[in-house]
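Residues per chain, in single letters:
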Amino acid sequence: MLKFITHILNIFKKLRGGFQMYISTERLPPEEFERFANQVASIIFHKKIYTFAQGPDGGVDGIDDVLKPTIIVQSKRYQFRTSATKLRDLILNEVEKIKSLAEKNNWNDFQYVLVTSGNLTPLAKIQIREAAGKMMLSDNNIITENELSELAKDGRLKPIFR
């Protein structure tokens, strides 16, 4: 039986260019997902990211410096049933909150990093990046369920993918 399962996995690897691990985050409480997202961003962007207590935060779930941030992390854990279109609309609303908060606090030249448990279409990512403008320098600033699954294979991130 084990030989058969190994054979089937090898077929999947050949067909898909490697077996993709599914990362289930929907059972994490929101505060645990925020910590997880901040750890991911910290390792990817090589910055210490601070997590805050629960409460009104204006959309900021993680930040490297509260007075002069260079990275702001927003974590969005959604139910797997949330459509890509609905997710995009919710995130576009969050982008506007971050822009307002940045203006209010006179924050300039920071990267906005979004970590979400959902997936987005390529068009949705384009729309989010366009709305965020200079806050999102690349697609690396949007980490979806698909990217989390890919990152689970990264040796640097092994400690947080337990």
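Structure: see above.
Residues numbered from 1 in each chain as written. Predicted model: local features only at pLDDT ≥ 70, side-chain atom pairs only at ≥ 80, totals over all residues. Heavy atoms only, no water.

This brings us to the environment of Glu-31. Checked against the element boundaries, Glu-31 lands in helix α2 (residues 30-45). Along the primary structure Glu-31 and Arg-77 are separated by 46 residues, whereas in three dimensions their C-alpha atoms are 9.8 Å apart. (Helix = DSSP H or I, 4+ residues; strand = E, 2+ residues; numbered from the N terminus.)

Looking at the secondary structure, you find Glu-34 in helix α2. Look at Glu-34: it is buried, it has no salt bridge, and the nearest opposite charge is Lys-76 at 6.9 Å. Excluding its chain neighbours within four sequence positions, the residues that come into contact with Glu-34 are Gln-54, Asp-61 and Ser-75. (Buried < 20%, exposed > 50% of the residue type's maximum accessible area, 1.4 Å probe, protein only. Lys, Arg positive; Asp, Glu negative; His and termini not counted. Salt bridge = Lys/Arg side-chain N within 4 Å of Asp/Glu carboxyl O. Contact = heavy atoms within 4.5 Å.)

Peptide bonds are mostly trans, and most non-glycine residues show a negative phi. At His-46, a position not held by glycine, the phi torsion is positive, near 55 degrees. By the secondary structure assignment, His-46 is in the loop between α2 and β1 (50-51). Taking the relative accessible area as the measure of exposure, His-46 reaches 64% and is therefore exposed.

Where helix α3 (residues 84-105) contacts helix α4 (residues 122-132), the two axes come as close as 10 Å, and the packing angle between them is 15 degrees. When the axes of α3 and α4 are compared, the pair comes out roughly parallel. Crossing hand, α3 versus α4: right-handed. Residues Arg-88, Ile-91, Leu-92, Val-95 and Lys-99 of α3 pack against Ala-124, Gln-127, Ile-128, Ala-131 and Ala-132 of α4. Taken together, the residues of the contact of α3 with α4 sort by class into seven nonpolar, one polar and two charged. (Axes fitted to C-alpha atoms, helices over the stretch in contact; angles between N-to-C directions. Parallel < 35°, antiparallel > 145°, perpendicular 65-115°, else oblique. Left-handed = near helix turned anticlockwise from the far one by under 90°. Nonpolar A, V, L, I, M, F, W, Y, C, P; charged D, E, K, R; others polar.)

What follows deals with the pattern of salt bridges. By the definition in use, this model includes eight salt bridges. Measuring nitrogen to oxygen at the nearest pair gives 3.8 Å for the salt bridge that ties Glu-94 to Lys-76. Of this pair, Glu-94 sits in helix α3 while Lys-76 is found in strand β3 (residues 71-76), placing the two residues 18 residues apart along the sequence. Glu-94 sits in the buried class, given a relative accessible area of 9%. Its salt-bridge partner being Lys-99, residue Glu-96 comes within 3.7 Å of it at the nearest N-O pair. Of this pair, Glu-96 and Lys-99 both sit in helix α3, three residues apart, which is roughly one turn of the helix. Residue Glu-96 is classed as partly exposed on the basis of its relative accessible area of 40%. Salt bridges sharing common partners tie together Lys-76, Glu-94 and Lys-97.

What follows is about the sheet that holds strand β5 (residues 142-143). Taking strand neighbours across the sheet as the criterion, the five strands line up as β1-β2-β3-β4-β5 in an open arrangement whose pairing is mixed. Either end of the sheet is taken by a strand with one partner, and the two such strands are β1 and β5. Contacts from α2 reach β1, β2 (62-63), β3, β4 (111-116) and β5 within the one sheet, and its direction differs from that of β3 by about 140 degrees. (Pairing = 2+ DSSP bridges.)

Taken across its six residues, β4 has five buried, putting it largely inside the fold. Alignment of β3 against β4, held across six bridges, turns out to be parallel. Pairing of Val-73 across the sheet is with Val-113, part of β4. Relative to β5, β4 runs parallel, the two being bridged by two bridges. Its bridge partner being in β5, Leu-114 is matched across the sheet by Ile-142.

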